[in-house]
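Here is what each chain is made of, one letter per residue.
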Amino acid sequence: MNTVYTTCRYCEAACGLAVQVQNNKVEKIVADKENPQTWRDICSKGLTAHELVEHPRRIKAPMKRVGDSFVETTYEEAIGVIAGRFNELIAVHGADSIGYYHGNPLGFTSGVMFSLGWVDAIGTRNRYNVGSIDQNNNHVVSNALFDLPYVPFNPDIDRCDYLLMIGMNPAESKFSWLGNASDGWVRARERQSKGAKLVVVDPRRTRSAQQADTHLSIKPGTDWAFILGLLHTVFGEDLVDSAACAALPAAQLGSIREIALAADQASLSGRCGIDAEDIRQVARDYAQAAGAMCLTQTGVSMHTTGTLGHWLGLVLDIVTGHLDKPGGRRFDTGYINMTEFAATDNQPETASRVRGQPTVMGNRSLAELPDEIYTPGPSQVKAMVIQSGNPVVSGPNGQVLDSALAELDMLVVVDLVQRESHRHADWLIPGVHWLEREELLFNLAGGMDQPFAQYSAQAVKPPGLIQPEWRFFVDLALAMKVPFMGKKGANTMIRISRVLARLFRKPQWAFSPGLLERLMLKGAKTFSWRQLQNSPHGLQYRDRAYGQLQAQMRGKAIQIGPEQFCTELQRLLDKSNQPGTEYPFTLIGKRTLNMMNSWLMELPNMQKREQGNDCEVNPADAHSLGIKEGAKIEVTSAVGSLSIKARISDRVAPGVVCIQHGWGSRVFSPVDKEEPLCFGVNVNQLVDNAAIDPFSGIPNLNSTRVKVTLCADT
Ligand SMILES: Nc1nc2c(c(=O)[nH]1)N[C@H]1C(S)=C(S)[C@@H](COP(=O)(O)OP(=O)(O)OC[C@H]3O[C@@H](n4cnc5c(=O)[nH]c(N)nc54)[C@H](O)[C@@H]3O)O[C@H]1N2
Ligand SMILES: Nc1nc2c(c(=O)[nH]1)N[C@H]1C(S)=C(S)[C@@H](COP(=O)(O)OP(=O)(O)OC[C@H]3O[C@@H](n4cnc5c(=O)[nH]c(N)nc54)[C@H](O)[C@@H]3O)O[C@H]1N2
Ligand code: SF4
Ligand SMILES: [Mo]
């Protein structure tokens, strides 16, 4: 038995694992207790990861569709046919006719640059990624305030006295956002035991809310009003940090101050459902705490008002002098400065073809994809690659996207298994699980609250002839004769590097993410490759530093009050507070510890723990609608309807219902065509893809208006 020390790459917590391996098979996964950082909050997902590696429905070879089933083939054939068809489409319809979407797990690979290298090689503008159903408003706000599209802020929990956690549930989901704190919830609770205040703002009494000092139940989609209320008190009672404010553009600060002071506290309180006195108290305690942070996560982000919510959270941190200070949200350049890297590669904002929606870092919103497939004309999407994503289930209005994907000339999927979004695939290319990959997750280099790095070793080799995913994309670019990464001469360089590697028996010389990792690390000079390799449990390479954002901004002032945000804020304030009566409930979502968005429920161990989703209804609402525990109810929005089991629960406030996303995704069996595995229902079929945040393109994944009725056959 051999023990491999590596990291879990399902979420940013990046827990240290000790993987016991025998004959290329994982026997057991346990926490690596020698890892100085990351194992105390380890979860079932990491500990059962080998079940996905060994899943009987795993895609183990490239497969092509023949009629309504799939047959295994070779990479050579797959790449040849795909390259040929893509080139024919490009010759007739242009590069934009090829679309690409990648989901969340690609962010946890060092191969991500290689997938995007292929996208750059063909030069399509039909680029989509998970950001538009996740955190694109962070990028929009960073770009506007700091002139940097990617600024991860890490919660400095160990020195924090006041954690204001808005729209997040770290007890289930960890501190897993753009920045990260490994073991974060354990550390937050430790800090609490030493007197720090934990405040959770959430429409649902979550496990985090239960364990916090204060839970403020907010009306979904109104975080902007709550935070503006905090700013009203902060400005009104002069709780600002004068040094921090002096460094800001006076006119912009003046605009925000004016809007905040003019806003009526009682009306803001009415909008967000939080008592005005509670808002005042939070503002005072927060501003006066030595170390404080306002964290705004998916509960804030996933609405048409998400950009404003996230922006106002930063404004609060900045004007009270907490940003990038001990105990606040801390920026770190990391061991490789990915903020700098993203800034040099910053794509200009352009308008999308059909809706005219601004792109974010060069990417269109997933909500627009069906329109871009259906609407004829130049730049219409004719074929697509979907890599490590399940947009039909994880994105809005899945039924419309599903029908649109069926219209494509060719759909290529790169995944571990064939899921709902891959139903219409023509080609299935095997994914490579992280237990089978070795890599340095340099894209998360600055997103660790401790300056910490760990090389993630390969625990087992992938089955059969599975090749790395990045290799597929490089070979596809070579076969299509398009310049990899859009760089002239790159393809020749790739070929030469492969020949040299073979001739001299130095596989590490061949162009690969591993080579790039080594070169980037060498350029960054933070620590050496050897030091990293000699630290199997991870490397704490320096102490936490504060105030690095100023240097990263090269002395420029924070543009705290962008005109477009102030105008939108004023528009919201002028808009009526009264929702229509046709859809009286607001639907929110949740996560559970054992699942990862729309996957992992296919694992035997997970099925023992999770058996599909249900709909939480407050007892008062259930009473007035005649709904009993376990009854079948119909939940209907303007765009869809589903039936689901009711769960009567006072965790949700009256007027709010909660259904977990990620369910209702089939897992197919492409080889033997056995019945698909399917658990639960897809809640996102209720989410409209037409209503999106004007800046980030994010839909109302966390605040869709619905009506609830008892099903006749209950
Ligand atoms: N209603 C609602 N909707 C939501 C959310 C919500 O809170 N509420 N959350 C949103 C958020 S935050 C996110 S990040 C998105 C997620 O949206 P997506 O990333 O599009 O979808 P996932 O469900 O994460 O699906 C990931 C896919 O990647 C595959 N996969 C896993 N590992 C690998 C690998 O190593 N290689 C390859 N090739 N494939 C792999 C899995 O099998 C799965 O098919 O969903 C969003 N949707
Ligand atoms: N176990 C597990 N862990 C995960 C994931 C997973 O799927 N499972 N996904 C990973 C990913 S991709 C991400 S992005 C992170 C996300 O991590 P979190 O942001 O912590 O996500 P959630 O746990 O869904 O918490 C969001 C909370 O927002 C609340 N909420 C809904 N609407 C509103 C609103 O309008 N205002 C406020 N203030 N709150 C609202 C919900 O009730 C919910 O409790 O988690 C990561 N970690
Ligand atoms: S999924 Fe669980 S084990 Fe894996 S990194 Fe996140 S918290 Fe750790
Ligand atoms: Mo996410």
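Please refer to the structure placed before this passage.
Everything numeric here is computed off the predicted structure, so don't read it as measured data.

1. Digging into the site of ligand 2
As a matter of local geometry, ligand 2 sits amid 33 residues, with Ser-173, Asp-202, Gly-221, Thr-298 and Met-595 nearest to it. Asn-702 is positioned with one of its backbone polar atoms (N or O) 3.5 Å from a nitrogen atom of ligand 2. Notes on ligand 2: free accessible area 910 Å², of which the protein chains cover 97%. Those elements giving two or more residues to the shell around ligand 2 turn out to be helix 6 (170-173) and helix 14 (298-301). Its residues placed into classes, the shell around ligand 2 shows 11 nonpolar, 15 polar and 7 charged.

2. What about the side chain of Thr-339?
Within the secondary structure, Thr-339 is located in helix 16 (residues 338-344). Its relative accessible area of 2% is what places Thr-339 among the buried residues. Reaching out from Thr-339, the side chain makes a polar contact with the backbone oxygen of Tyr-150 at a distance of 3.1 Å. Not counting residues up to four positions away in its chain, the partners in contact with Thr-339 are Leu-148, Tyr-150, Val-151, Pro-152, Phe-331 and Gln-552.

3. Description of the site of ligand 1
Close contacts around ligand 1 come from 28 residues, with Tyr-101, Asn-104, Asp-415, Ser-598 and Asn-684 the closest. Contact between ligand 1 and Arg-591: a nitrogen atom at 3.1 Å from a side-chain N or O atom of the residue. Compared with its free state, where it exposes 920 Å², ligand 1 has 97% of that area covered by protein. Secondary-structure elements contributing two or more residues to the shell around ligand 1 are helix 18 (391-394) and strand 17 (410-415). Considered class by class, the residues forming the shell around ligand 1 number 11 nonpolar, 11 polar and 6 charged. Three or more residues apiece are contributed to the shell around ligand 1 by two domains, here domain 1 (1-143 + 369-441 + 470-512) and domain 3 (578-710).

Cut-off values and rules
Residues numbered from 1 in each chain as written. Chains lettered and ligands numbered in written order. Predicted model: local features only at pLDDT ≥ 70, side-chain atom pairs only at ≥ 80, totals over all residues. Heavy atoms only, no water. Near = heavy atom within 4 Å. Polar contact = N/O pair within 3.5 Å; in protein donor to acceptor, adjacent residues only side chain to side chain. Areas by Shrake-Rupley, 256 points an atom, 1.4 Å probe, with all protein chains shown as cover. Helix = DSSP H or I, 4+ residues; strand = E, 2+ residues; numbered from the N terminus. Nonpolar A, V, L, I, M, F, W, Y, C, P; charged D, E, K, R; others polar. Buried < 20%, exposed > 50% of the residue type's maximum accessible area, 1.4 Å probe, protein only. Contact = heavy atoms within 4.5 Å. Domains from an automatic or database assignment.

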